[in-house]
Amino acid sequence: MKQLIKGSEALIRSLIHEGVRTVFGYPGGAIMPVYDSLYDYRDQLQHVLVRHEQGATHAAQGYARASGKTGVCIVTSGPGATNALTGIGDAMLDSTPLVVITGQVGTSLLGSDAFQEIDLVSITQPITKWSYQIRRGEDIPWAVARAFYIARNGRPGPVVLDFAKNAQLDKIDYAPYTLSYIRSYQPVPDTDNSAIEQAATLINAAKRPFALVGQGVELGNAHTELRAFLEKAQIPAGCTLLGLSALPCGHPLKKGMLGMHGNLAPNMKTNECDVLIAIGMRFDDRVTGDLNTYARQAKVIHFDIDPSEIDKNVKTTVAVLGDCKETLPRVTEKLTEIRDCRAEWIHSFDELNQTEYERVIKPELHPDKESAALTMGEVVKAVSDATNGEAILVTDVGQNQMMAARYFDFHNARSIVTSGGLGTMGFGLPAAIGASFGAPDRTVCLFCGDGGFQMTMQELGTIMETGCVVKIILLNNKFLGMVRQWQEMFFHERYSFTPMVNPDFIRIGAAYNIPSKKIRQRTELPEAVSEMLHTAGSYLLVVDVVEKGMVYPMTPAGETVTNVLLGY
């Protein structure tokens, strides 16, 4: 005899079948049958109630980035679904595997402008890998299996399942559905053997090879393969913002961060190398600057899983398509083991590193002790040192993001969670909450500015309710800092609506039962950091920092990558 169940329960069972154990969400009318079914599965599927649907998507992103699994969130129709759009777009640009389940009005009401109806499929198609409306209960197991397959295979990204209310109520004969192949979707392109040979030949002949390491290494779990590749051929490497923890800090071949606020040496050497090797990165404009002057002297080898990235921004000499966990070893096998012949090239980074240290890093990390104001950099470094490079760094967007990326050390993979491509202010707090669920055995440190924090600070309620552990360092400069920096440099110091009048953050923390402390003096910093890290549970540390601080180095937008400013 068939055992019929409602479509809403079929969804829950399908999620569990896919290995999902944690979801983030916010209930509402059009998704209520799903939440009713979820009530009976609370021992198998943990639901984290956020305070805003945008928070659900960012939390799911943080969970995915920290755990390596697919993040899942559930929201209702209309405004619930549209509130999730920012996180969906963020996940698309940063290749984060995400399945977003939204409620929808019944199929009989579609197109009638019913209460809280919105054509979400049309809205989300440009910012998802797949967007599908489930209109029949019998399609649920298939649709869920397909959604997870697409989200996590190949280049990861977000998928939306728009779940009509009648389909949630339909009775179906449920059976688990497993999917391992989609005829119209080839997640990993075939690797051309000749490309392997050509890449190895170019690298073996290179005098000054330089690798650009992106998040693709993290997504492909190719950390060991990357190190073997770099070490055998003695290739120095720079990392993109999202690829910073793909190679541990302190590795002799890691030469710093690429990009607008990256380190001086890797940016300058990009235009000096003879072979440029891009690994799992997309030549974002914040890395390349003016494409007309970017690495014109170099032959370019591009390792990527997504064929659409090849030649999109930078003309490639050799394209090595495929999963870098598979393609890197194939090239490494054909490389000549290098001992000393590239030593001079590798050491040529040192002089530029020293210049940056004297002109930028030393003043930031070791400011004049008579100076009253703390700098962002010294706060980041204090927290980094106290966590021994073992913590997960989560950031919001702005000066806090760049300073944290520059001065926080990473010894482990999957240790940075930040909004790269979309640059979403408000990302930090909910993403940190998600990361704490994705990696509960690790310390999660969130750096945010006073502007971004206030965009999603209602998620302190999620911390209060769940008891998750996030160490929040709020770098308070009473400005929208990065915008203010640009106004100072390029808009004649016309600070148009960037000064902030802020609330009492300590009282806000107390309202959510989160231990909180505010410091202003340099002498207070070591004890405050220690107290934060040794206090059980979450903690809010508010640090008043220099109000008009600057983030250097800086390559102005659209300028040549070597036009690096070390001061203003």
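As the structure is a prediction and not an experimental result, all values here were calculated from the model. (Residues numbered from 1 in each chain as written. Predicted model: local features only at pLDDT ≥ 70, side-chain atom pairs only at ≥ 80, totals over all residues. Heavy atoms only, no water.)

What follows concerns the sheet that holds strand β20 (residues 539-544). Pairing is parallel in the open sheet, where 6 strands are placed in the order β16-β15-β17-β18-β20-β19. In this open sheet, the two strands that pair with only one neighbour each are β16 (416-417) and β19 (516-519). Both strand β17 (residues 444-449) and strand β18 (residues 471-476) contribute to a ladder of 5 bridges, which runs parallel. Across the sheet, the residue bridging to Leu 446 is Ile 472, located in β18. Of the strands in this sheet, β15 (392-395), β17 and β18 touch helix α17 (residues 399-407), which is tilted by about 160° from β15. (Pairing = 2+ DSSP bridges. Helix = DSSP H or I, 4+ residues; strand = E, 2+ residues; numbered from the N terminus. Contact = heavy atoms within 4.5 Å. Axes fitted to C-alpha atoms, helices over the stretch in contact; angles between N-to-C directions.)

Of all the residues in helix α23 (residues 525-534), the buried ones are Leu 525, Ala 528, Val 529 and Met 532. Here the buried residues of α23 occupy an arc of 100° about the axis, which is enough to place them on one side. Those residues of α23 that are exposed and angled more than 90 degrees off the buried face are Pro 526, Glu 527 and His 534. Along its buried surface, α23 packs onto α16 (376-386), β18, β19 and β20. (Buried < 20%, exposed > 50% of the residue type's maximum accessible area, 1.4 Å probe, protein only. Arc of directions from axis to C-beta.)

Here we come to the domain arrangement of the protein chain. Structurally, the protein chain comprises domain 1 (3-174), domain 2 (193-349) and domain 3 (373-544). Inter-centroid distance (C-alpha atoms) of domain 1 to domain 3 is 30 Å. Listed per partner, the contact involves 24 residues of domain 1 and 26 residues of domain 3. At the boundary of domain 1 with domain 3, total buried surface from both sides reaches about 1900 Å², with 61% on carbon and sulfur atoms. Taken as a group, Arg 51, Arg 65 and Ala 66 account for 31% of the area that domain 1 buries against domain 3, more than any other trio of residues on that side. The tally of links from domain 1 across to domain 3 stands at 11 residue pairs in polar contact (both at pLDDT 80 or more). The set of elements that each furnish at least two residues to the side of domain 1 that touches domain 3 consists of β3 (46-49), α3 (53-67) and α5 (85-93). Broken down by element, the side of domain 1 that touches domain 3 gets its largest block of residues, 11 residues, from α3. (Domains from an automatic or database assignment. Buried area = accessible area lost by both parts, 1.4 Å probe. Polar contact = N/O pair within 3.5 Å; in protein donor to acceptor, adjacent residues only side chain to side chain.)

A separate point is the nonpolar core. If you look at the biggest cluster of nonpolar residues, it comprises 96 residues, and the most contacted ones within it are Phe 229, Leu 276, Ile 277, Ile 279, Ile 301 and Phe 447. Per-element accounting of this core gives the leading share, 7 residues, to helix α15 (residues 343-365). Both of domain 2 (193-349) and domain 3 (373-544) provide at least three residues apiece to this core. Those residues in contact with Phe 447 that sit more than four places away from it in its chain are Val 379, Val 380, Val 383, Leu 393, Val 394, Thr 395, Asp 396, Asn 400, Ala 404, Phe 408, Ile 473 and Leu 475. One finds Ala 66, Val 394, Ile 433 and Cys 468 within the second-largest nonpolar core, a separate group that totals 44 residues. (Core = buried A, V, L, I, M, F, W, Y, C linked by side-chain atoms within 4.5 Å.)

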